[in-house]
Amino acid sequence: MVGTLRLELGDATLREWDATVLATTEDGIVLDRSAFYPGGGGQPPDTGVLLWQGVQTRIAGARKTADDVYLIPADGEPMPPPGTSVRGALDDDRRSALMRTHSALHLLNGVVWRDFGLLVTSAGMEPLEGRMDFDLPQVPDGFREQVQATCNAEIQADRQIVVRAMPRPEAFAIEQVARAARDLVPEHIQEVRIVEIVGLDVEADGGTHVASTRQIGNLEIVKVENKGKGFRRLRIRLTDG
Ligand SMILES: [Zn+2]
């Protein structure tokens, strides 16, 4: 298999493109070029549509293997045969909301790392709602309010969000990257994709992000849950700011 060129990794704003079907299998449809985010790092897959020869195939999700992205059609949708030229299009509302949410979680990660020294253990999201887990035995008074206010100040500062590839040694020389991701990036990966909120947060990450923090909108910390043994879960919600 030749492998799918991942268009969304280079341009998170792309919503429509032309492609050719490489394979149609029980696992899904493989294109030569795809902007469907296949899920990962807490960000769920995109949905959308393939248009070909007057036919529409609704795509309900996507999944990644080592080389390919499999697009999963909705139940009973027509399948384009290999060799078909298609036009791919993403559900823009969903993807744009997920980009805001993913960037919001990075911003939150940067704030709790900088201001409280907290290392996030996992994160997950749906459009405009996210959760972040970390260890914090004692929650300081006013923690929720302080983190929320700081996050919104950082959003208003409109910090740039930059995505770039970095040689592995250089990436892991950054303390925040090393502590969060050293065990997560396989040894053979020599170039690490880095997402940086300039001046605030640096993470090894494969997701899609907005270009600057003001695009996130207003961030509300809905609650700080106590999951026992110092394990906390912080839930956020975004509104238009
Ligand atoms: Zn991320």
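Residues numbered from 1 in each chain as written. Predicted model: local features only at pLDDT ≥ 70, side-chain atom pairs only at ≥ 80, totals over all residues. Heavy atoms only, no water.

Novice: How should the overall build of the protein be read in this particular structure?
Specialist: Secondary structure assignment for the protein yields five helices and 15 strands. Taken over the C-alpha atoms alone, the protein extends approximately 60 × 40 × 35 Å along its principal axes. Split into buried and exposed, the 241 residues of the protein put 49% on the buried side. Excluding contacts between residues fewer than 6 apart, the proportion of contacts in the protein whose partners are at least 24 apart in sequence is 65%. (Helix = DSSP H or I, 4+ residues; strand = E, 2+ residues; numbered from the N terminus. Buried < 20%, exposed > 50% of the residue type's maximum accessible area, 1.4 Å probe, protein only. Contact = heavy atoms within 4.5 Å.)

Novice: Which parts of the structure should I look at to understand helix H2 (residues 92-116)?
Specialist: An α-helix turns once every 3.6 residues. As a result, residues three or four positions apart point the same way. With 25 residues, H2 extends 35 Å from end C-alpha to end C-alpha; this agrees with the ideal 36 Å at 1.5 Å per step. Along H2, 19 of the 25 residues are buried, which leaves the element largely enclosed by surrounding structure. Capping the start of H2 is the job of one residue whose side-chain oxygen sits 3.1 Å from the backbone nitrogen of Asp-93: Asp-91. (Expected span 1.5 Å × (residues − 1). Polar contact = N/O pair within 3.5 Å; in protein donor to acceptor, adjacent residues only side chain to side chain.)

Novice: Where do I start with the coordination of the zinc ion in this structure?
Specialist: A four-donor tetrahedral metal ideally has 109.5 degree angles, and a six-donor octahedral metal ideally has angles of 90 or 180 degrees. Donor atoms from the polypeptide that coordinate the zinc ion comprise His-102 (NE2), His-106 (NE2) and Asp-205 (OD), at 2.0 Å from the metal. Linear spacing of the donor residues for the zinc ion on their chain is H-x3-H-x98-D. With a gap of 99 residues between them, His-106 in helix H2 and Asp-205 in the loop between strand E13 (201-204) and strand E14 (218-226) connect regions that are remote in the sequence. (Donors = N, O, S within 2.8 Å, 3.2 Å for Na, K, Ca; no water.)

Novice: Would you mind showing me how to read the layout of surface pockets here?
Specialist: If a probe the size of a water molecule is rolled over the atoms, the empty space left behind becomes visible. The computed volume of the largest pocket comes to approximately 1200 Å³. Forming the boundary of the largest pocket are 44 residues, of which Gly-41, Ala-204, Asp-205, Gly-206 and Gly-207 lie nearest the centre. Each residue belonging to the lining of the largest pocket can be placed in one class, and the counts come to 22 nonpolar, 14 polar and eight charged. Volume-wise, the second largest pocket comes out at about 180 Å³. (1 Å grid on protein atoms, 1.4 Å probe; cavity = no way out; pocket = protein on both sides within 12 Å on 5 of 7 lines; lining within 4 Å. Points joined across faces, edges and corners; volume = space filled by probe spheres on them. Nonpolar A, V, L, I, M, F, W, Y, C, P; charged D, E, K, R; others polar.)

Novice: Any chance you could explain the pattern of salt bridges here in plain terms?
Specialist: Any two side chains of opposite charge can pair, on the condition that their charged atoms come close. Across all of its chains, the model carries 19 salt bridges by this definition. Put simply, Asp-133 and Arg-233 hold a salt bridge, and the shortest N to O gap is 2.7 Å. Here Asp-133, found in strand E10 (residues 129-135), pairs with Arg-233, found in strand E15 (residues 231-239); they are 100 residues apart in sequence, far enough to count as distant. For the residue pair Asp-133 and Arg-233, the accessibility class agrees, reading buried in each case. (Salt bridge = Lys/Arg side-chain N within 4 Å of Asp/Glu carboxyl O.)

Novice: Could you clarify how one ought to interpret the packing of H2 against helix H3 (residues 143-156) in this entry?
Specialist: In helix packing, the relevant descriptors are the interaxial angle and the interaxial distance, both defined with respect to the helix axes. It is at 10 Å that the axes of H2 and H3 come closest, and there the two elements cross at 120°. In terms of their interaxial angle, H2 and H3 are classed as oblique. Note on packing geometry: the crossing formed by H2 with H3 is right-handed. Here Leu-107, Leu-108, Val-111, Val-112, Arg-114, Asp-115 and Phe-116 of H2 lie close against H3, whose contacting residues are Phe-143, Gln-146, Val-147, Thr-150, Cys-151, Glu-154 and Ile-155. (Axes fitted to C-alpha atoms, helices over the stretch in contact; angles between N-to-C directions. Parallel < 35°, antiparallel > 145°, perpendicular 65-115°, else oblique. Left-handed = near helix turned anticlockwise from the far one by under 90°.)

The quantities given are spatial measurements derived from coordinates; they are silent on function.
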